[in-house]
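# Architecture and fold: a report
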Amino acid sequence: MSTPVINVDARFCQFLSIATLDTAWDKCLKPMKKIVSVLFVILVAALGAPSCVITAWLLCCATAAAQPAAGPEPILRVTLEPKRVVVGQPVTLRIELLAPNYFTAPPEFPDIQVRNAVSRPLGNINLSEQKDGATYAGIRHEIAIHPQEAGRYAIAPDSIAFTYAAEPPAGRQGKVTLPALAFEAFIPAAAQSLDPFIAADGLAVRQAVDPPSGDRKVGDAVTRTITIEVQGLPAMVLPPPSFPAADGLAVYPDQPTLQDHTDQRSGVLTGTRVDRASYILQKPGDYALPAIEIAWWNLAEQKVERVRVDAVTLHVLANPTLPGSAQGGRSAAMSWRAWVSTILAHWPWIVLVAAILAGLGWIAPRALAYAKRWYAGRQAAYLQSEAWSFARFRQTARRGDARATYFALEGWLARFGPVAPAHTIAALGAAAQDPVLDRELALIEAQLFSAGADRGVWSPASLLRRVTMARRRLRGRHARSRRRMPSLAATLNPGASGAALRALRPVAR
């Protein structure tokens with residue numbers, strides 16, 4: 001019985017190419033790679049296929065086994081809604097970043113700032129998703145952008161860096177780029193005349209006057225407080241009210257107070273702006289603080305509305321306790337009554353401050369004299385120290401004067417402990433054991449004290465360098481020897497141990 005022969009043409013070999021078989025392997029055969037591979041080889045050999053087919057299949061299997069499967073990649077989703085808004089209303093930029101498994105560190109979201117707009121972060125929300133059998137952990141980052149003028153706004157591309165556990169627990173660095181985005185802001189035709197333009201779901205204004213009523217005299221102060229509340233806008237976009245001055249009234253505005261509050265249930269944002277101004281009454285007469293009116297665009301009703309607080313009337317009487325000149329135009333803030341009331345209201349603090357000043361006046365001269373004595377003592381001690389003598393020697397050697405250098409060297413050695421008790425140049429050479437230093441010392445002595453012609457030339461830089469090295473080395477050796485010296489108690493009691501020495505009874509006095 002003859003064995004059937006299968007003719008393998010070029011198209012069949014092309015079907016069995018590595019690229020084609022890789023795809024078939026990944027999609028269908030990979031789960032049963034061992035069984036399928038053995039059966040295929042047996043089948044092809046039984047049918048008499050050429051060896052090239054078997055070789056091609058084995059190469060495909062080896063290639064597929066050697067190529068690791070690509071892992072899941074991070075996902076970035078960016079939305080900007082709505083694309084067209086009324087000026088002042090928020091546009092929400094939503095950034096969703098998801099990574100396989102989990103983040104090993106918080107992502108670094110960029111600080112989005114747009115020209116002529118107010119950006120306000122809305123917070124982060126954790127996400128968890130399943131995609132293609134892989135688990136993703138994510139963060140949703142939202143930003144509210146409030147345009148302040150009509151026109152087109154562009155958000156430039158930016159990047160987000162993050163670290164995630166691609167193969168837990170090992171982390172991998174990741175970076176994604178935000179796309180360029182744009183939106184448009186407009187003012188409704190019916191509200192083109194509003195200046196400034198405010199669009200909100202609701203707006204209210206109220207005022208308070210302190211003191212609310214009663215007789216007011218020259219020198220008194222009146223505080224006017226204007227509170228504006230708006231729904232759907234942050235307080236920073238609200239315009240400041242006007243506090244005009246008048247002849248006879250001095251106006252002193254305070255810094256405004258801005259506060260934003262978001263209701264946890266409804267999510268409605270309420271912005272509150274509080275402005276205060278103090279009026280000092282300088283002249284008798286009748287005054288009117290002007291009314292304040294705010295026009296705004298009602299988003300719900302799609303129309304212009306107005307809110308208003310009434311004018312405040314002030315009737316100022318003459319103050320008989322003040323001189324006539326003060327009532328003619330001078331400010332009464334510095335009157336004696338104001339001084340007395342201030343002192344009576346804050347007398348404990350005034351007494352405390354006066355006591356502190358008196359104590360400082362008594363202590364300061366003594367402290368200064370003590371500081372001068374301490375500094376003089378420190379300066380005198382330094383001038384008698386080895387450090388000062390060496391600094392003087394170093395400064396002298398740099399000038400190149402052989403005689404001054406030699407005597408400065410002797411002056412330093414007189415205070416240099418490691419060459420005790422001789423404190424001489426010969427003792428320095430014997431302790432240092434440095435041939436180069438010995439040669440430099442011999443050269444400078446020959447130049448100063450030898451009459452011969454061949455005396456050599458000494459080098460200030462070389463001498464200074466070798467002396468500095470010897471000083472550092474000898475000081476370290478001297479410090480180590482001092483640490484190894486036995487204590488007086490150990491010298492007097494050579495057979496006693498450390499514990500026995502510590503247990504010795506102190507000498508009675």
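Everything here concerns the structure above.
Residues numbered from 1 in each chain as written. Predicted model: local features only at pLDDT ≥ 70, side-chain atom pairs only at ≥ 80, totals over all residues. Heavy atoms only, no water.

This part is about the sheet that holds strand 6 (residues 134–147). With antiparallel pairing, four strands are arranged side by side in an open sheet as 1-3-6-5. Both outer strands of the open sheet, strand 1 (75–81) and strand 5 (117–131), are each paired with one neighbouring strand and no more. On average, each strand axis in the sheet is inclined to that of its neighbour by 15°, with strand direction left out of account. Note: strand 5 against strand 6, 14 bridges, orientation antiparallel. (Pairing = 2+ DSSP bridges. Helix = DSSP H or I, 4+ residues; strand = E, 2+ residues; numbered from the N terminus. Axes fitted to C-alpha atoms, helices over the stretch in contact; angles between N-to-C directions.)

Quick look at the pattern of salt bridges now. Side chains that carry opposite charge are capable of pairing whenever their charged atoms lie near each other. Tallying each qualifying case throughout the model produces 13 salt bridges. Glu229 is paired through a salt bridge with Arg206; the nearest N and O atoms lie 3.5 Å apart. One end of the pair, Glu229, is in strand 14 (residues 221–231); the other, Arg206, is in strand 12 (residues 202–210), and 23 residues separate them in sequence. For Arg206, a relative accessible area of 45% puts it in the partly exposed group. One salt bridge in this structure joins Arg471 and Glu386, with 2.7 Å as the shortest N-O distance. One end of the pair, Arg471, is in helix 12 (residues 460–484); the other, Glu386, is in helix 8 (residues 386–399), with 85 residues separating them in the sequence. Residues Arg471 and Glu386 agree in their burial class; the two are buried. (Salt bridge = Lys/Arg side-chain N within 4 Å of Asp/Glu carboxyl O. Buried < 20%, exposed > 50% of the residue type's maximum accessible area, 1.4 Å probe, protein only.)

A separate point is the nonpolar core. Among soluble globular proteins, nonpolar side chains are generally buried collectively. Of all hydrophobic cores here, the largest spans 34 residues; its most connected members are Leu93, Ile145, Ile155 and Phe197. Mapped by element, the contributors of at least two residues to this core are strand 2 (84–86), strand 3 (91–100), strand 6, strand 7 (151–155), strand 8 (159–167), strand 10 (181–186) and strand 19 (292–298). Counting 30 residues, the second-largest nonpolar core is a separate cluster that includes Val209, Val230, Tyr287 and Val309. (Core = buried A, V, L, I, M, F, W, Y, C linked by side-chain atoms within 4.5 Å.)

Moving on, we get to the sheet that holds strand 9 (residues 170–177). Taken in spatial order, the three strands of this open sheet run 4-8-9, and their pairing is antiparallel. This sheet does not close on itself; its edge strands, each paired only once, are strand 4 (103–108) and strand 9. Each strand axis lies, on average, 20° off the axis of its neighbour in the sheet, ignoring direction. Summarising the sheet, strand 8 and strand 9 pair through seven bridges and their orientation is antiparallel.

The subject of this paragraph is the pairing of strand 10. Burial of the side chains of strand 10 is restricted to one face: Leu181, Phe183 and Ala185 are buried, whereas none of Ala182, Glu184 and Phe186 on the reverse face is. Note that strand 2 and strand 10 share three bridges and pair parallel. Following the sheet pairing, Val85 is matched in strand 10 by Ala185. Inspection of the sheet shows strand 7 paired to strand 10 by five bridges, in the antiparallel sense. Within the sheet, the bridge partner assigned to Gly151 lies in strand 10 and is Ala185.

On the surface, Trp349, Leu352, Val353, Ile356, Leu357 and Leu360 cluster together into a nonpolar patch covering about 650 Å² of accessible area. Mapping Leu360 onto the fold places it in helix 7 (residues 347–383). Overall, Leu360 belongs to the exposed group, its relative accessible area being 53%. (Patch = residues over 30% accessible without salt bridge, like charges linked within 9 Å, V, L, I, M, F, W, Y side chains within 5 Å. Areas by Shrake-Rupley, 256 points an atom, 1.4 Å probe, with all protein chains shown as cover.)

So, to be careful, I would describe these as geometric facts and stop short of saying anything about function.
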